[in-house]
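Coordinate analysis (summary)
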Amino acid sequence: QVQLVESGGGLVQPGGSLRLSCAASGNIFSINVMGWYRQAPGKQRELVAAITSGRLTNYADSVKGRFTISRDNAKRTVYLQMNSLKPEDTAVYYCKQEIISASWQAWRSYWGQGTQVTVSS
């Protein structure tokens, strides 16, 4: 059994910052790609940022230069530092981690429960 627990969302004014965290726990052998997605009301879920086990990163164009994704493998945690936040960043943010519970198993994607980020004055 694997669980992802997110934290760090909240209400912030435009131009402010937030840091999201997502920690995995349970029966984990290895973690590959970690990522953050977001879903605004009435819109599809979209990729915000991702980081591989080799620490290669990928960002949505809309957040480049403002958001930074990082990971701590020992803590099985992925972070999303969000700076210069805009009202259009308002959404529920979800983390996703690709995990295997044993070396012979196939990679499986696990999702966090989601955390609300609201950018408003």
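Along each chain, the written sequence defines residue order, and numbers are assigned to residues from 1. Local features in this predicted model are restricted to residues of pLDDT 70 or higher, and side-chain atom pairs are both shown and tallied only at a pLDDT of 80 or more, whereas totals for entire chains, interfaces and linings draw on every residue. With hydrogens and water set aside, each side-chain value is computed from the structure's full complement of heavy atoms.

**Considerations on the pattern of salt bridges**
By salt bridge we mean one thing: a side-chain nitrogen of Lys or Arg within 4 Å of a carboxyl oxygen of Asp or Glu. Enumeration over the complete set of coordinates arrives at 4 salt bridges. With its nearest N and O atoms 2.7 Å apart, the salt bridge here joins arginine 38 to glutamate 46. Close ionic contact of aspartate 89 with arginine 66 constitutes a salt bridge, the shortest N to O distance being 2.8 Å. Residue aspartate 89 is found in the loop between strand S8 (77-82) and strand S9 (91-100), and its partner arginine 66 is found in the loop between strand S6 (57-59) and strand S7 (67-72); the two are separated by 23 residues along the sequence. For aspartate 89, a relative accessible area of 1% translates into the label buried. The way it works is that DSSP assigns letters per residue, a run of H or I at least four long becomes a helix, a run of E at least two long becomes a strand, and they are numbered from the N terminus. Buried residues are those whose accessible area, probed at 1.4 Å on protein chains only, stays under 20% of the maximum for their type, while exposed residues exceed 50% and partly exposed ones sit between those limits.

**Structural notes on unusual backbone geometry**
A positive phi is found at arginine 76, a non-glycine position, where the angle reads about 55 degrees. Mapped onto the elements of the fold, arginine 76 is located in the loop between S7 and S8. Judged by relative accessible area, arginine 76 falls into the partly exposed class, the value being 29%.

**Let's talk about the state of the cysteines**
Here a disulfide denotes a covalent bond joining the sulfur atom of one cysteine to the sulfur atom of another. In this description, a disulfide is simply a cysteine sulfur pair whose atoms lie within 2.5 Å. This model, assessed by the stated rule, comprises 1 disulfide. Each disulfide pairs two cysteine sulfurs, and for cysteine 22 the partner residue is cysteine 95, the sulfurs being separated by 1.9 Å. Between cysteine 22 and cysteine 95, the disulfide has an S-S torsion of 45 degrees and is therefore right-handed. Taken as a pair, cysteine 22 in strand S3 (residues 18-26) and cysteine 95 in strand S9 lie far apart in primary sequence, 73 residues in all.

**Topic: the nonpolar core**
Membership of the largest hydrophobic core comes to 31 residues, with the highest contact counts inside it found for Trp36, Leu80, Met82 and Tyr93. Those elements that provide at least two residues to this core are strand S1 (2-7), S3, strand S4 (30-39), strand S5 (46-51), S7, S8, S9 and strand S11 (115-119). Whether two residues touch is decided by their heavy atoms; if any such pair falls within 4.5 Å, the residues are in contact. Once residues within four sequence positions are removed from consideration, methionine 82 is found in contact with Gly16, Ser17, Leu18, Leu20, Arg66, Phe67, Tyr93 and Val117. Buried residues of nine kinds, namely Ala, Val, Leu, Ile, Met, Phe, Trp, Tyr and Cys, make up a nonpolar core once their side-chain atoms join them within 4.5 Å.

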